[in-house]
Each structure stands twice: as structure tokens, then as C-alpha cells.
Amino acid sequence: MANFGYMALNAQKAKVSGVIEAADRRGALASLKAQGLTPLSISEQAAAREVDKPAKQSFWTLSSGPAKRMKPAEVLLFTSELADLIEAGMTLGAALNSLANQGDPNSGICVVAADLRDRIMRGEAFSDAVNAHPKTFPGIYGNMVRAGEASGAMVEVLHRLTEHYERNQSMKSKIVSALTYPSIVLGMGVIAVIFAMVKIVPQFTELFASMGKELPLPTRMLMAMSDGLIKYGVLYALGVVAAAAAFHKWRTGPGRLKWDAFKLRMPLVKGLIASGAYASLAYTLQTLLSNGVNVLQALRISEETCGNAVIGAELRKARERVTDGTTISGPLAQSGVFPRMMTDMMALGEQTGNLPNALGHIGKRYEAELNRNIKVFTTALEPLLIILVAVVIGFVAIAILSAVFSATSAMGQ
């Protein structure tokens, strides 16, 4: 027999806890139900002799703990499973309890689901419980859940949130996959050049130095770069890391607006960034407005979740104009940031009284444009990378061969 610690609700919906003895977990659950208790959580307790003995913990055990948040992919899985459980007839509390007891108890889903369950049991609204985890659930999540509570269509709201996360994940994965290949090629090229400079060129340097002849300019440049990399390579690496850290601090701080504006104008990349941002914005607004969130709140949430400071600033200006009775499309069209096609379709949706439908068409249009831009990006980048690698390798070859030809011509004289 083993001891199981439990937390449960009694007939008066009050939370009780204690220890129960049973052969296994299933037997403990059966015993609790026989006592008229609704189990919330149950876990096996270690034997007394094991409790008194201090456990050996490694550095990894000490440094790791329960996850306090969920990643976007986990939020997608959590939302989808929660919708399925409620649709199957479970209450919200029971569904959250089921999710909290699945898998690793220290995983993000289990920890967050357990906290949401406990908050629900204390009488909090689900939307308030969700808003208590801002690092896991963005503003769009809490506001849509609140709209679902008001309309009684929680399952439909959860399904729409699932679709929203699936679209976002799909667009992000397309952009990441488009950047993965050139990043690998560029990284391998840098490693190959460093290896050549550190291991191969020094061997030729010793050979050329023994000839006692003046070397051609390309050879001297190559030897100087190789010597500098060998002597000061660590300092160069530290400088690159420091520069990258400073740039990251700048682009996420005071320089964010300038950097985001540059991304919308950067050759090759601007198509990916702009079309992805417009599609995500359109789908976010459509999801919010379709679920009864008011326009001002929808614009505020879109501003916080758009991921681009330039677009966010224009959404903030549009929100200020909407309070005066202006339509959304008008301020966005005047900004010069959004394409004319997008604002014209939004204006048509406002005129017909079906803006969410128009936003859905806008999202599909720019999602298709994102796919085309990915093909253009990968098609154009491959020859550019080949040319770059050819220039670097060609310079190394010319530097070495010119010295060899110079030496052989001197020997022939």
C-alpha cells in the first residue's frame, strides 16, 4: 500500500486536502469518489524513511523547476484540447484538472492549467484567471475568452483561438524555413574560411617565407589576415559578441522604431516582413471583431501583438482617431505604411457593415503574398550566396596561386 496526497472538493464545493492509503493511483481516486469528494490533484508520497533522508540533487536538479509559462505551440495545444474536452461535456474546472494531470507535472501546460483550475475553483472568472498569466496568454486571448463568457459560446471562441494560433504558427514556420537554408550556408561558409585562415594558409606562409622573394599584394593581404586571425581571433570573437549584444539592446530599446522601419524597406526581406505582418494583423482584427470585442479594444490588442513598432504606432494613431467617430481605414490609409489594397478592402467592409469578412479576405491575400515572397527570397538568395562564396574562395585561390606563379617564374630565370 502507498500513501497519496490529494486535494479535492467536498459536497459544499469547499477545497479539502489530506492523505489517503491505497494500492495505486486508481484505487486512491476510487476511494475519494466513494467519500463524495471530487479530486483536483493527487500524487504519491514518498515513504517516511525516504522523506527523512536528504535527496541527492545535481546542479541541473537544483537549477530546474516548474515552468511558469507556456510557449505559443503549447498554448495552441492547450487551447485545442480544452475546447475538445468542454465540447465532449466536461465542465471547465474538470477539463482544466484533466490537462493539469497530463504529462510532466513541471511542464508549462500542467503548471499553468493547475493554476487556472485553482483560480476557477476559488470563484474567479476564466478570463480573469487567463489575464493573470500575461506571459503565456496575450491580450487577444483574455478578451476573446471574456467575450465567450458573455455570449455563452466558449467552445466556439476556443476553436477560433486555436485557428488563430495555427495561422500564426504556420506563417512563422514559413518565414523561419525560408531563413534556415541561407543561414546554414552562410554559417558553413564562415567556418570554412576561418579553418582555411587558421590551418591551411599558415602552411603556405612558411613556404613562401623560405623563398625570400617579395610576394604579390593579394598574397600579402591574405597572410596578414591569417596572422591577425590567429593572434587576435579571441578578441575578434569577443568584439562580434559585444557588437551583437549592443545591437540587440538597441533594436529592442531606443532603436526599435528605426529598425522596424528599416525592415519594411530592406531589399528581399521587406516582402517577407510586410506581408507576414499585414496577414497577421488582418487575422487578429478579424478574430477579435468576430467575437464581439469592440473596435477600440481590438485596435489596442492588435497594437500590442503586431510585433512591429511602426505598424503599432499607426494603429495607436488610428485608435485615437476612432474615438472621434472616424473609420479604421481612413487613418490607416493616411499613414502611408499600409498598402492601398488593404485599406480599400477595409473601407469596403466598413461600408457594407461586414468588416470581419473583409479582414478575412485581406488575411488570405497577404498570406498568399507571403508564400510568393518566400519563393522569391529563396530563389534570389541562392545565387547571391554562391557569388559570395565564389568571391571569397576565388580571392584565396588567386592569392596563393599568384605567389606560386611568382616563385616558379623566378626559379625559371
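Refer to the structure presented above.
Before going into details, it helps to say that this report is about the structure given with it. (Residues numbered from 1 in each chain as written. Predicted model: local features only at pLDDT ≥ 70, side-chain atom pairs only at ≥ 80, totals over all residues. Heavy atoms only, no water.)

## A short note on the nonpolar core
Counting residues in each nonpolar core, the largest one holds 71 residues, and the members touching the most others are F78 and Y141. Looking at this core, the element that brings in the most residues is helix α12 (residues 269-290), giving 11 residues. With sequence-adjacent residues up to four places away left out, Y141 is seen in contact with V75, F78, T79, V130, L158, L161 and Y165. (Core = buried A, V, L, I, M, F, W, Y, C linked by side-chain atoms within 4.5 Å. Buried < 20%, exposed > 50% of the residue type's maximum accessible area, 1.4 Å probe, protein only. Helix = DSSP H or I, 4+ residues; strand = E, 2+ residues; numbered from the N terminus. Contact = heavy atoms within 4.5 Å.)

## Re helix α11 (residues 256-263)
Those residues of α11 lying buried are W259, D260, A261 and K263. Where the residues of α11 are buried, they touch α10 (217-251), α12 and α14 (309-322).

## Description of the pattern of salt bridges
In this structure the tally under the stated criterion is 16 salt bridges. When the shortest N-O distance is used, the salt bridge between D128 and R146 registers 3.4 Å. Here D128, found in helix α7 (residues 126-131), pairs with R146, found in helix α8 (residues 139-151); they are 18 residues apart in sequence, far enough to count as distant. Among the residues examined, R146 registers a relative accessible area of 36% and is labelled partly exposed. The closest approach of N and O atoms between D227 and K231, which form a salt bridge, is 3.3 Å. You can see D227 and its partner K231 sitting in helix α10, 4 residues apart, about one turn around the helix. Where salt bridges share partners, they join D115, R119, R122 and E124 into one cluster. (Salt bridge = Lys/Arg side-chain N within 4 Å of Asp/Glu carboxyl O.)

## Some words on the packing of helix α4 (residues 72-87) against helix α5 (residues 92-100)
Here α4 crosses α5 at 135 degrees, and the two axes come no closer than 9 Å. Comparing their axes, α5 and α4 come out oblique. Relative to α5, the crossing made by α4 is right-handed. Residue-level inspection shows F78, E81, L82, L85 and I86 of α4 in contact with α5, the latter providing L92, A95, L96, S98 and L99. In the contact of α4 with α5, the residues fall into 8 nonpolar, 1 polar and 1 charged. (Axes fitted to C-alpha atoms, helices over the stretch in contact; angles between N-to-C directions. Parallel < 35°, antiparallel > 145°, perpendicular 65-115°, else oblique. Left-handed = near helix turned anticlockwise from the far one by under 90°. Nonpolar A, V, L, I, M, F, W, Y, C, P; charged D, E, K, R; others polar.)

## So, the pairing of strand β1 (residues 2-9)
Extensive coverage of β1 is indicated by the burial of 6 of its 8 residues. Of the strand pairs in this sheet, β1 and strand β2 (residues 15-22) are connected by 8 bridges, and their pairing is antiparallel. Bridge pairing in β2 links F4 to I20. (Pairing = 2+ DSSP bridges.)

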